[in-house]
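A look at the structure
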Amino acid sequence: MPHSFGYRARTRDMFKRGFKEHGPIKLSTYLVPYRVGDIVDIKANAAQQKGMPHKFYHGRTGIIYNVTPNAVGIIINKVVGNRYMEKRVNIRVEHIRHSKCRQEFLDRVKRNHDAHAAARAKGERVQLKRVPVLPRESRKVSTEGNAPQTIVPVPYETTI
C-alpha cells in the first residue's frame, strides 16, 4: 500500500508530546516576551494545531523579524540545491522558544569583560583568548616489574 505524501506525513514521533507533558499548554508559554532580533528554536507543539510550522522547520533555529499578538515572523535559512534561501515563516508562540545557542558566548563575553576591567584596575594585562588544548606529554612504558601479559579468549563451553 503506497504511503501518503500529506502535509504532516511521517511526523508520528516528531510532533509527539514528551513524557508527562500532555494536556493543555501552560500559560507561561504565552507570557514569554519576544522581540525583533531574538534567536529562537522551532519545536512544534501538537496540542495547538493553529500556526504550526511545516515539519521541515521543526528543530530549526531562526531570527525573529516580526512580532504580532499571537505569532512571530521568523527568518530561517534553508539549503536549496547549492545555495541558502532565506525563508520567512509565521509561527504561533506555542511552537517556539528562546534559543540557548548564544548563551555560552554571552557568558564568555561577560566573563572576559569582568576580567579585563579587574586587570585594568591593577594595571596589568590578562590573556582573554581561548587556548586550544595541547597534545599530551610523551611518556615511556617500562616493563621493569611489569611483565607483558598475553591475553587469549576463553574457550566456548556449553552449560547444558
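Please read these numbers as outputs of a predicted model, since none were measured by experiment. (Residues numbered from 1 in each chain as written. Predicted model: local features only at pLDDT ≥ 70, side-chain atom pairs only at ≥ 80, totals over all residues. Heavy atoms only, no water.)

So, about unusual backbone geometry. What you tend to see is this: most non-glycine residues have negative phi, and most peptide bonds are trans. Its identity as a non-glycine residue notwithstanding, Arg10 has a phi of 60°, on the positive side. Tracing the chain through its elements places Arg10 in the segment before β1 (39-42). A residue is classified by how much of its surface remains accessible, and Arg10, at 57% relative accessible area, is exposed. The backbone of Lys20 sits at a positive phi, close to 60°, despite the residue not being glycine. Along the chain, Lys20 falls in the segment before β1. Lys20 sits in the exposed class, given a relative accessible area of 70%. (Helix = DSSP H or I, 4+ residues; strand = E, 2+ residues; numbered from the N terminus. Buried < 20%, exposed > 50% of the residue type's maximum accessible area, 1.4 Å probe, protein only.)

Taken in spatial order, the five strands make up an open sheet running β4-β3-β2-β1-β5, and their pairing is antiparallel. At either end of the open sheet lies a strand with only one pairing partner, and these are β4 (83-92) and β5 (96-98). Strand after strand, the sheet turns through a mean of 45° between neighbouring axes, direction not considered. By the bridge criterion, three bridges tie β1 to β5 in an arrangement that is antiparallel. By the bridge assignment, Asp41 is partnered in β5 with Arg97. (Pairing = 2+ DSSP bridges. Axes fitted to C-alpha atoms, helices over the stretch in contact; angles between N-to-C directions.)

The next thing to look at is helix α1 (residues 103-122). The terminal C-alpha atoms of α1, which comprises 20 residues, lie 29 Å apart, in line with the 28 Å expected from a rise of 1.5 Å per residue. At the exit of α1 stands Gly123, carrying a positive phi of roughly 80°. (Expected span 1.5 Å × (residues − 1).)

The next subject is the packing of aromatic side chains. Using the criterion set out here, one finds one aromatic pair in the structure. Relative to Tyr57, the ring of Phe56 lies with its centre 5.1 Å away and its plane at 90°, an arrangement referred to as edge-to-face. The aromatic ring of Phe56 is capped on one face by Arg60, whose charged end is 4.1 Å from the ring centroid. Here the basic side chain of Lys78 rests over the ring of Phe56, its NZ or CZ set 4.4 Å away from the ring centre. (Phe/Tyr/Trp six-rings, centres within 6.5 Å; stacked < 30°, edge-to-face > 60°. Lys NZ or Arg CZ within 6 Å of the ring centre and 35° of its normal.)

With that out of the way, let us pick up the side chain of Arg17. Position of Arg17 relative to the elements: it lies in the segment before β1. Despite its burial, Arg17 pairs with no opposite charge, the nearest such side chain being Glu21 at 5.2 Å. Looking at Arg17, its side chain comes within polar contact range of the main-chain oxygen of Glu21, at 2.5 Å. There is a polar contact of 3.3 Å between the side chain of Arg17 and the side chain of Asn45. The contacts of Arg17, once residues within four sequence positions are left out, are His22, Gly23, Asn45, Ala46 and Ala47. (Lys, Arg positive; Asp, Glu negative; His and termini not counted. Salt bridge = Lys/Arg side-chain N within 4 Å of Asp/Glu carboxyl O. Polar contact = N/O pair within 3.5 Å; in protein donor to acceptor, adjacent residues only side chain to side chain. Contact = heavy atoms within 4.5 Å.)

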